[in-house]
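# Tertiary structure, described
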Amino acid sequence: MRLVSLELAHCEILAALHAEAFGESWSVKAFQDLVGLSASYGYLAQVGEEPVGFILCQGDEVEAEIITIATRRLQRRTGIGTKLLEHACQQTGRMFLEVDEENDGAISFYQARDFHQIGLRTGYYKHPDGRKTDALVMERTKI
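Read on for a plain summary of the structure. The model shown is predicted, which means the values in this text are computed figures rather than measured ones. (Residues numbered from 1 in each chain as written. Predicted model: local features only at pLDDT ≥ 70, side-chain atom pairs only at ≥ 80, totals over all residues. Heavy atoms only, no water.)

Another aspect to go through is the pattern of salt bridges. Side-chain pairing between opposite charges can occur once the charged atoms of the two side chains come close. This structure, assessed with the given rule, holds 10 salt bridges. A salt bridge links arginine 72 to glutamate 50, with the nearest nitrogen and oxygen atoms 2.9 Å apart. With arginine 72 in the loop between strand S4 (63-71) and helix H3 (80-89) and glutamate 50 in strand S3 (residues 50-59), this residue pair connects regions lying 22 residues apart in the sequence. A relative accessible area of 27% means that arginine 72 is categorised as partly exposed. As a salt-bridge pair, glutamate 139 and arginine 94 come within 2.6 Å of each other at their nearest N and O atoms. Of the two residues, glutamate 139 sits in strand S7 (residues 132-141) while arginine 94 sits in strand S5 (residues 94-100), which places them 45 residues apart along the sequence. Given the relative accessible area of 32%, arginine 94 is considered partly exposed. Several salt bridges converge on common partners, so that one network encompasses Glu20, Glu50 and Arg72. (Salt bridge = Lys/Arg side-chain N within 4 Å of Asp/Glu carboxyl O. Helix = DSSP H or I, 4+ residues; strand = E, 2+ residues; numbered from the N terminus. Buried < 20%, exposed > 50% of the residue type's maximum accessible area, 1.4 Å probe, protein only.)

What follows is the structure, encoded as structure tokens:
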């Protein structure tokens, strides 16, 4: 597996990977807008030439936030997410993220990688069935 820096040319791939991972789709245009920002950085994970995951962040060497991270469903629990997360975290002193309070798998994943909760955003996530759930705000400082 190799990591390549995100470029605008990857936005269609990012939209497809995001839709597969989350069952909802951010548009190609949304990814173009995000990837095109000067403070954005991220990585596309590839096995051979096949894209299998990505991470998109915003920030600098002092602090940054994970905007989204995704891996293909069939590639989960193979170390791709860990490699993406660790590589992104190496670029900054403090990394932040938000995660749905009901996403136990993601919360465990982040906690196992030294993230801890520092806040709560009430009603942050809106689900297709109309429910709203809170977002846990998590942080990791460079080790």
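Glancing now at the packing of aromatic side chains. This model, assessed by the stated rule, comprises 6 aromatic pairs. The interplanar angle of 85° and the centroid separation of 5.7 Å between the aromatic rings of phenylalanine 31 and phenylalanine 54 together place this pair among those described as edge-to-face. Taken together, the positions of phenylalanine 31 in helix H2 (residues 28-35) and phenylalanine 54 in strand S3 put the pair 23 residues apart, joining distant regions of the chain. Here phenylalanine 31 and phenylalanine 54 have matching classes, each one buried. A ring pair is formed by phenylalanine 109 and tyrosine 110, whose centres lie 5.3 Å apart and whose planes are at 70°; its orientation type is edge-to-face. In this structure tyrosine 110 comes out as buried when scored by relative accessible area, which is 8%. Members of the aromatic cluster, joined through ring pairs, are Trp26, Phe31 and Phe54. (Phe/Tyr/Trp six-rings, centres within 6.5 Å; stacked < 30°, edge-to-face > 60°.)

Pairing geometry for strand S6 (residues 116-126) and S7, over 7 bridges, is antiparallel. The residue of S7 that forms the bridge with glutamine 117 is methionine 138. (Pairing = 2+ DSSP bridges.)

In this section: H2. Buried within H2 we find Phe31, Leu34 and Val35. Buried positions in H2, seen along its axis, are confined to an arc of 90° and lie on one side of it. Tucked into the core, H2 has its buried residues touching helix H1 (11-22), strand S2 (40-47), S3 and S4. (Arc of directions from axis to C-beta. Contact = heavy atoms within 4.5 Å.)

Attention shifts here to the environment of glycine 79. Structurally, the position occupied by glycine 79 is in the loop between S4 and H3. Overall, glycine 79 belongs to the partly exposed group, its relative accessible area being 35%. A C-alpha to C-alpha distance of 9.9 Å links glycine 79 and methionine 1, two positions 78 residues apart in sequence.

Helix-helix packing is described using two parameters, namely the angle between the two axes and the distance between the axes. It is at 8 Å that the axes of H1 and H2 come closest, and there the two elements cross at 120°. On the basis of their axis angle, the class for H1 and H2 is oblique. The two elements H1 and H2 meet at a crossing, and its hand is right-handed. Here Cys11, Glu12, Leu14, Ala15 and His18 of H1 lie close against H2, whose contacting residues are Val28, Phe31, Gln32 and Val35. Tallied by class, the residues present in the contact of H1 with H2 amount to 6 nonpolar, 2 polar and 1 charged. (Axes fitted to C-alpha atoms, helices over the stretch in contact; angles between N-to-C directions. Parallel < 35°, antiparallel > 145°, perpendicular 65-115°, else oblique. Left-handed = near helix turned anticlockwise from the far one by under 90°. Nonpolar A, V, L, I, M, F, W, Y, C, P; charged D, E, K, R; others polar.)

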